[in-house]
Amino acid sequence: MVLDKINIDFENNDCLPEEKETYQIGEKINDKLKDFLISGMENGDLREDLKIIPTIFTFWGMLSGLIQLATNKENYIQSTMNLSKKQFLDCGFQMLYQSIAKEK
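On a predicted model such as this, the values are computed, not experimentally measured, just so you know. (Residues numbered from 1 in each chain as written. Predicted model: local features only at pLDDT ≥ 70, side-chain atom pairs only at ≥ 80, totals over all residues. Heavy atoms only, no water.)

For the rest of this paragraph, the subject is the overall build of the chain. A tally of helices and strands in the chain yields four helices and zero strands. Beginning at the N terminus, the succession of helices and strands in the chain can be written as α-α-α-α. Looking at the chain as a whole, 22% of its 104 residues qualify as buried. Contacts spanning at least 24 positions in sequence make up 46% of the contacts within the chain whose residues lie at least 6 apart. (Helix = DSSP H or I, 4+ residues; strand = E, 2+ residues; numbered from the N terminus. Buried < 20%, exposed > 50% of the residue type's maximum accessible area, 1.4 Å probe, protein only. Contact = heavy atoms within 4.5 Å.)

Spelled out as structure tokens, the structure:
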């Protein structure tokens, strides 16, 4: 079952090399996001009260959910909101950014 693999123990050799590689790539992405957030906070574009790691995890969840929703509900979004998938995503991305942006 997929959910059994959410918390993989890499010390145990019971994981696939691809799982470890995926984890390592995810960690590199997290480091880039951390640098982005710190830089944005230092130059005054982002709120100074952001907690880095929780913000990264929250954004991972919100972005993946938003993308999945746009893909799975594309026809519904078009018919009820009169928005294309791209327009819906752009709106969602803007909303996410505004949640961490410093008010000017």
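Picking up where we left off.
Here we come to the packing of helix 2 (residues 52-72) against helix 4 (residues 85-100). For the pair helix 2 and helix 4, interaxial distance at closest approach is 10 Å and the crossing angle is 165°. Comparing their axes, helix 4 and helix 2 come out roughly antiparallel. Handedness of the helix 2/helix 4 crossing: right-handed. Seen from helix 2, the contacting residues are Thr 55, Phe 59, Met 62, Leu 63, Leu 66, Ile 67, Leu 69, Ala 70 and Thr 71; seen from helix 4, they are Lys 85, Phe 88, Leu 89, Gly 92, Phe 93, Leu 96, Tyr 97, Ser 99 and Ile 100. When grouped by side-chain class, the residues that make up the contact of helix 2 with helix 4 number 13 nonpolar, four polar and one charged. (Axes fitted to C-alpha atoms, helices over the stretch in contact; angles between N-to-C directions. Parallel < 35°, antiparallel > 145°, perpendicular 65-115°, else oblique. Left-handed = near helix turned anticlockwise from the far one by under 90°. Nonpolar A, V, L, I, M, F, W, Y, C, P; charged D, E, K, R; others polar.)

Let us look at unusual backbone geometry. Of note in the backbone geometry, Asn 82 takes a positive phi value of approximately 55° without being a glycine. Along the polypeptide, Asn 82 turns up in the loop between helix 3 (74-81) and helix 4. The exposure class assigned to Asn 82 is exposed, which follows from its relative accessible area of 59%.

For Asp 35, the location among the structural elements is in helix 1 (residues 17-42). A sequence separation of 17 residues divides Asp 35 from Ile 52, and the C-alpha atoms of the two residues are 9.4 Å apart.

The next thing to look at is the pattern of salt bridges. Inspection of the entire model under this criterion finds three salt bridges. One salt bridge connects Glu 48 with Lys 102, and the closest N-O pair in it is separated by 3.0 Å. One end of the pair, Glu 48, is in the loop between helix 1 and helix 2; the other, Lys 102, is in the segment after helix 4, and 54 residues separate them in sequence. Owing to a relative accessible area of 54%, Glu 48 belongs among the exposed residues under this scheme. Lys 86 serves as the salt-bridge partner of Asp 90, at 2.7 Å between the closest nitrogen and oxygen. (Salt bridge = Lys/Arg side-chain N within 4 Å of Asp/Glu carboxyl O.)

As a further point, take helix 2. For helix 2, spanning 21 residues, the distance from its first C-alpha to its last is 30 Å, which sits close to the expected 30 Å at 1.5 Å a residue. When we look at burial in helix 2, the residues that qualify are Ile 52, Thr 55, Ile 56, Phe 59, Leu 66 and Ala 70. Viewed along the axis of helix 2, the buried residues span an arc of 105°, placing them on a single side of the element. Turned more than 90 degrees off the buried face of helix 2, the exposed positions are Phe 57 and Asn 72. Next to the buried residues of helix 2 lie helix 1, helix 3 and helix 4. (Expected span 1.5 Å × (residues − 1). Arc of directions from axis to C-beta.)

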